[in-house]
Amino acid sequence: MRTPYSMKNCLQLLCNHKVPVAGFKTTVKSGLILQSVSNDVYQNLAVEDWIHDHVNPEGKPILFFWRNSPSIVIGRHQNPWQECNLNLMREGGVKLARRRSGGGAVYHDMGNINLTFFTTKNRYDRMKNLKLVVRALNAVQPQLDVQATKRFDLLLDGQFKISGTASKIGRATAYHHCTLLCCTDRTALSSLLKSPYQGIKTNATTSIPSVVKNLFEKDPTLTCEVVMNAIATEYAAYHQLDSHITLINPADETLFPGISSKAEELQTWEWIYGKTPKFSINTSFNVLYKHSYLEIKVFIDIKNGRIEICSIEAPDHWLPLEICDKLNSSFIGSKFCPVEATMLTNILLRTCPEDHELHSKWNMLCEKIKGIM
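None of the values given here were measured: they were computed from a predicted structure. (Residues numbered from 1 in each chain as written. Predicted model: local features only at pLDDT ≥ 70, side-chain atom pairs only at ≥ 80, totals over all residues. Heavy atoms only, no water.)

Topic: helix H11 (residues 321–331)
Item 1. Of the positions making up H11, those classed as buried are Ile323, Cys324, Leu327, Asn328, Ser330 and Phe331.
Item 2. Check the buried side of H11 and you find it contacts strand S17 (306–313), helix H12 (338–349) and helix H13 (356–370).
Item 3. Looking one or two residues past H11, glycine 333 carries a phi angle of roughly 90 degrees, positive in sign. (Buried < 20%, exposed > 50% of the residue type's maximum accessible area, 1.4 Å probe, protein only. Helix = DSSP H or I, 4+ residues; strand = E, 2+ residues; numbered from the N terminus. Contact = heavy atoms within 4.5 Å.)

Quick look at the pattern of salt bridges
Item 1. Applying the stated criterion across every chain, the model contains 12 salt bridges.
Item 2. Across the pair lysine 95 and aspartate 40 runs a salt bridge whose closest N-O atoms are separated by 2.6 Å. Of the two residues, lysine 95 is situated in strand S5 (residues 95–98) and aspartate 40 in the loop between strand S2 (32–36) and helix H2 (41–54); the sequence distance between them amounts to 55 residues.
Item 3. With a shortest N-O distance of 3.6 Å, lysine 278 and glutamate 308 are connected by a salt bridge. In this pair, lysine 278 sits in the loop between helix H10 (269–272) and strand S15 (279–289) while glutamate 308 sits in strand S17, placing the two residues 30 residues apart along the sequence.
Item 4. For glutamate 308, a relative accessible area of 36% puts it in the partly exposed group. (Salt bridge = Lys/Arg side-chain N within 4 Å of Asp/Glu carboxyl O.)

Examining the packing of aromatic side chains
Item 1. In total, this model carries nine aromatic pairs according to the counting rule given.
Item 2. Arranged with centres 6.1 Å apart and planes meeting at 15 degrees, the rings of phenylalanine 64 and tryptophan 66 form a pair that is stacked. Taken as a pair, phenylalanine 64 and tryptophan 66 share a single burial class, namely buried.
Item 3. Both rings, one in phenylalanine 279 and one in phenylalanine 336, keep their centres 6.0 Å apart while their planes meet at 80 degrees; by these two values the pair is edge-to-face. Taken together, the positions of phenylalanine 279 in strand S15 and phenylalanine 336 in the loop between H11 and H12 put the pair 57 residues apart, joining distant regions of the chain.
Item 4. A relative accessible area of 0% means that phenylalanine 336 is categorised as buried.
Item 5. Taken together through their ring pairs, the aromatic side chains of Trp81, Trp269, Tyr273, Phe279 and Phe336 make up a single cluster. (Phe/Tyr/Trp six-rings, centres within 6.5 Å; stacked < 30°, edge-to-face > 60°.)

Some details on the sheet that holds strand S13 (residues 200–202)
Item 1. Taken together, four strands build an open sheet; the order of strands is S13-S15-S16-S17 and the sheet is antiparallel. Edge strands, defined here as strands with exactly one partner in the open sheet, are S13 and S17. Between one strand axis and the next, the sheet turns through 15 degrees on average, direction left out of account.
Item 2. In this sheet, S17 lies alongside strand S16 (residues 292–303) in antiparallel orientation, the contact comprising seven bridges. Along S17, the bridge assignment pairs lysine 297 with glutamate 313. (Pairing = 2+ DSSP bridges. Axes fitted to C-alpha atoms, helices over the stretch in contact; angles between N-to-C directions.)

Regarding the packing of H2 against helix H9 (residues 259–266)
A packed helix pair is summarised by two numbers, namely the angle formed by the two axes and the spacing between the axes.
Item 1. Contact pair H2 / H9: the axes reach a minimum separation of 8 Å and the direction vectors enclose 125 degrees. Looking at the two axes, H2 sits oblique to H9. Considering only the axes of H2 and H9, their crossing is right-handed. Between H2 and H9, the contacting residues are Tyr42, Gln43, Leu45, Ala46, Val47, Asp49, Trp50, Asp53 and His54 on the first element and Ile259, Lys262, Ala263 and Leu266 on the second.
Item 2. Grouping the amino acids of the contact of H2 with H9 by side-chain chemistry returns eight nonpolar, two polar and three charged. (Parallel < 35°, antiparallel > 145°, perpendicular 65-115°, else oblique. Left-handed = near helix turned anticlockwise from the far one by under 90°. Nonpolar A, V, L, I, M, F, W, Y, C, P; charged D, E, K, R; others polar.)

Some thoughts on the sheet that holds S5
Item 1. Within the open sheet, the three strands sit side by side as S5-S4-S6. Their pairing is mixed. Two strands bound the open sheet, and with one partner strand each, they are S5 and strand S6 (106–108). On average, adjacent strands in this sheet sit at an angle of 25 degrees to one another, irrespective of strand direction.
Item 2. Pairing between strand S4 (residues 71–74) and S5: four bridges, direction parallel. Bridge pairing in S5 places serine 71 opposite lysine 95.
Item 3. Most of the contacts of H2 go to S5, to which it runs at about 15 degrees, and overall it touches S4 and S5.

A closer look at H13
Item 1. Between its terminal C-alpha atoms H13 stretches 21 Å, which fits the 21 Å expected from 15 residues at 1.5 Å a residue.
Item 2. Residues of H13 that are buried include every one of Leu358, Lys361, Trp362, Leu365, Cys366, Ile369 and Lys370, and no others. Looking down the long axis of H13, one finds its buried residues gathered within 165 degrees of arc, a one-sided arrangement.
Item 3. Buried residues along H13 sit in contact with S15, S16, S17, H11 and H12. (Expected span 1.5 Å × (residues − 1). Arc of directions from axis to C-beta.)

Quick look at the packing of helix H5 (residues 126–140) against helix H8 (residues 224–239)
Item 1. Where H5 meets H8, the axes come as close as 8 Å, and the angle between the chain directions of the two elements is 120 degrees. As judged from the angle between their axes, H5 and H8 are oblique. The hand of the H5/H8 crossing is right-handed. For the pair formed by H5 and H8, the contact residues are Lys128, Leu132, Val133, Arg135, Ala136, Leu137 and Val140 on the first element and Val226, Val227, Ala230, Ile231, Glu234, Tyr235 and Tyr238 on the second.
Item 2. Split by residue class, the contact of H5 with H8 holds 11 nonpolar, no polar and three charged.

Structure (structure tokens):
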């Protein structure tokens, strides 16, 4: 059962005493099961951060359900160029987010349930949480073969991954979150989590590809609603709570003071791309010239999402050396992104001689360069 959010009943559930301004900030009365009414990945990630920063879950655990419109969420220490197909995401309007926990990249859509278990640091136990999910699934479908692994994943039939895990552990509080594939678009998942970029060298955390399957493909009765209700029931029984689910609005500043600024920060280029660990790209591509192909070599060092070193080498009989030098020097300090590259190359193009063939080569080169960003 889901209870619509209202300030009055939510505060009665959350607070030990009246705190009309602080909202959620006071300690939870006896534990709580929440579900977001938003499908925005940045708002839902902001709820996680807000609860972690402001709520003391001592003896009062919280389970948070949330689902997102199509998005790729990468771990705190990952490289988006290495983890996903950014061009395909831009074309399809798929959002990219960087969470504050570690782990690998995951695809979210409305067929994927996200579960966040909030506890104190000393009660943090990922395996316990995963076993709870397994019990919930078996309660609605006893024949279902789902097992938790040593890597804290959930496997269906011993081979298909249906859930991945990540966590954040603070000084006193912690959260463990995991995905659960019910009826997600596996075609989109596969294509978007496949990086087309070549020659990347980095120490960033790398995702481990897995064969996945939806619970719905195994049993069509296992819809997102059925699965969430089953997990809520099992969680409530384990923690001796009321099993109803309270709906919350992540954009409500009266309940979560300051949450808008958290959501805004998660959407910034500086957070999503700028927090990427330092990396380099060493690659090459060919251009057609007079019925033969010429090799263009590219080496770029990127730190905090910005270009520190840029070396684009083209045969000087194809493109004058001074033009390549201008291009290299103009990129230093700029964001490693196609939008900024387009702006810079358009400005530089105006300084080139009015030569149709030269402009054609320049445009061809710039399109290739933007293709690796």
